[in-house]
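Remarks on the overall topology
Below, each chain spelled out in residue letters.
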Amino acid sequence: MVTAAHQHTAPGPEAPRTFPEGFLWGSATASYQIEGAAAEDGRTPSIWDTYARTPGRVRNGDTGDIATDHYHRWREDVALMADLGIGAYRFSLAWPRIQPTGRGPAAQKGLDFYRRLVDELLDKGIQPVATLYHWDLPQELEDAGGWPERATAERFAEYAALAADALGDRVKTWTTLNEPWCSAFLGYGSGVHAPGRTDPVDALRAAHHLNLAHGLAVRALRDRIPADARCSVTLNLHHLRPLTGDAADADAVRRIDALANRVFTGPMLRGAYPEDLLKDTAPLTDWSFVHDGDLREIHQPLDFLGVNYYTPTVVSRADGSGTHTSDGHGRSAHSPWPGADDVAFHQPPGETTAMGWAVDPSGLHELLGRLASDFPGLPLVITENGAAFDDYADPSGNVNDPARISYLRGHLAAVHQAIADGADVRGYFLWSLLDNFEWGYGYSKRFGAVYVDYPTGTRIPKASARWYSAVARTGVLPGA
Ligand code: FCB
């Protein structure tokens, strides 16, 4: 039955879909994943350098020492984006390039690199979107205690001020943190990300200090950037589904929602930690690391929320055995979910990418709908979406990746549908511009629209890059 509520919805999946005027079409990368030049121009090791150099941490012993060599090939990479007609570029600043010891004055050469990059982007009509922190904490700050320590948040605000002073005249869109959930819970809980520590209370302390870092950095940015510049944060909100209709599974969803999502959206967007989160984790900590005034500091007005989405997460109530092998974030004997050892994670049915992540665009549609109703008036931007597949260059030098095109088509249709249903989604950034260092998986997973031949550094736009280019240029998702 067609009800009034359905009459305004967008056409079916087969028809072409036109995105709103001004919708931003972008691509995304992160400093450690692409730059290389790990010891150049005064850059010091970050926690990812240390972690990657520790045997057994990263697949094949891969490191970001050279990566895609973007530090030297940045001009070529900007030209590639210009050729593809991409309107915006989301990249991150390497804290250990800008402030090598994590404190004190800025390193001129580090700033110069980003100034040149931004000028080239602006020259080519590409909007720069700068993320302050995509996981490369200066090692010196980890040695002083890392994110479980409050001082790290204070250092972050000082670094944000240096970045804003140097680039605030040219960068109009800023993101404080990328996926603080990964920094806190994979970095200090399960240990599958740098720095590889495994203490559930440290993970919760890290989450709070990342929240605080975000709030302090927004204030530092706002004090320095023009009034029309935008501030945001990017979260990897988990779209959760219960395994069954049982009340116990609904409760598993509630608990993981608190630990994955509301631990950040609560303080950042509502000014409070969720009561149920504090109660669920009470056996571990009394949260006394949250000081008076912190929540006010964290709760800063934002111009948009960045949303990273790849796949949904299916959970159920389990027997408390404490093994977490299928939550999509890598295997570890330690849980990234403090106090939730009786929640089990399940592989959703159907097709998967090379990461083993289920392909499910309906999760993105539902997530955007939920955010639109939970946070009315807050614009949304998809700051990452994409897929890894086992791409290769054929003998004639072409990289044909139909599975990625199909993934992107499905997810863009879901975004379009969410907009038709009333969500205020302003843009979409494909992860990633280039194949790159995929954290614990090293170079074994290729997420790029552009193929990178690592031995030579040669870039080859894949079929998906050409496909995405046509969408970005026209603002129209073609019919299937
Ligand atoms: C996200 C990260 C990004 C990339 C993708 C695949 O969690 O933000 O750096 O690794 O996953």
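Residues numbered from 1 in each chain as written. Predicted model: local features only at pLDDT ≥ 70, side-chain atom pairs only at ≥ 80, totals over all residues. Heavy atoms only, no water.

**Concerning the layout of surface pockets**
- As a volume, the second largest pocket reaches approximately 260 Å³.
- Around the second largest pocket sit 17 residues that line it, and L24, R230, F304, V381 and R426 are the ones nearest its centre.
- Looking at the lining of the second largest pocket, the element that brings in the most residues is strand 12 (residues 425-431), giving three residues.
- Classifying every residue of the lining of the second largest pocket by side-chain character gives nine nonpolar, three polar and five charged. (1 Å grid on protein atoms, 1.4 Å probe; cavity = no way out; pocket = protein on both sides within 12 Å on 5 of 7 lines; lining within 4 Å. Points joined across faces, edges and corners; volume = space filled by probe spheres on them. Helix = DSSP H or I, 4+ residues; strand = E, 2+ residues; numbered from the N terminus. Nonpolar A, V, L, I, M, F, W, Y, C, P; charged D, E, K, R; others polar.)

**A closer look at the site of the ligand**
- Close to the ligand lie Q33, H134, W135, N178, E179, Y310, E384, W431, E438, W439 and F447.
- In the model, an oxygen atom of the ligand is placed 3.0 Å from a nitrogen or oxygen of the E384 side chain.
- At 2.9 Å from an oxygen atom of the ligand is found a side-chain nitrogen or oxygen belonging to W439.
- Relative to its free-state accessible area of 290 Å², the ligand is covered by the protein chains to the extent of 94%.
- Residue classes in the shell around the ligand are distributed as five nonpolar, three polar and three charged. (Near = heavy atom within 4 Å. Polar contact = N/O pair within 3.5 Å; in protein donor to acceptor, adjacent residues only side chain to side chain. Areas by Shrake-Rupley, 256 points an atom, 1.4 Å probe, with all protein chains shown as cover.)

**Some points on helix 8 (residues 180-190)**
- The buried fraction of helix 8 is high, at eleven of eleven residues.
- Those residues of helix 8 that sit buried are P180, W181, C182, S183, A184, F185, L186, G187, Y188, G189 and S190.
- Close packing links the buried residues of helix 8 with strand 4 (127-133), helix 6 (139-143), strand 5 (173-178), helix 9 (200-222), strand 6 (230-235) and helix 10 (247-270).
- Positive phi appears at G191, one or two residues downstream of helix 8, with a value of about 75 degrees. (Buried < 20%, exposed > 50% of the residue type's maximum accessible area, 1.4 Å probe, protein only. Contact = heavy atoms within 4.5 Å.)

**Thoughts on the sheet that holds strand 2 (residues 24-28)**
- Strand order in the closed barrel formed by eight strands is 2-3-4-5-6-8-11-12, and the pairing between neighbours is parallel. Within this sheet the neighbouring strands show an average axis-to-axis angle of 25 degrees, counted without direction.
- Where strand 5 lies against strand 6, four bridges are found, and the strand directions are parallel. Paired with N178 across the strands is T234, a residue of strand 6.
- The strands that helix 13 (residues 361-374) touches are strand 8 (304-308), strand 11 (380-385) and strand 12; relative to strand 11, the one it contacts most, it runs at about 150 degrees. (Pairing = 2+ DSSP bridges. Axes fitted to C-alpha atoms, helices over the stretch in contact; angles between N-to-C directions.)

**Quick look at the packing of aromatic side chains**
- A complete count under the given rule lists 34 aromatic pairs for this structure.
- Where Y133 meets W147, the ring centres are 5.4 Å apart and the plane angle is 70 degrees; that geometry is what we call edge-to-face. One end of the pair, Y133, is in strand 4; the other, W147, is in the loop between helix 6 and helix 7 (150-167), and 14 residues separate them in sequence.
- In this structure Y133 comes out as buried when scored by relative accessible area, which is 1%.
- Owing to a relative accessible area of 1%, W147 belongs among the buried residues under this scheme.
- Within the aromatic cluster, the residues linked to one another by ring pairs are Y32, W48, Y51, W135, F437, W439, Y443 and Y454.
- Positioned above the aromatic ring of Y71 is the side chain of R97, whose terminal nitrogen or guanidinium carbon lies 4.0 Å from the ring centre. (Phe/Tyr/Trp six-rings, centres within 6.5 Å; stacked < 30°, edge-to-face > 60°. Lys NZ or Arg CZ within 6 Å of the ring centre and 35° of its normal.)

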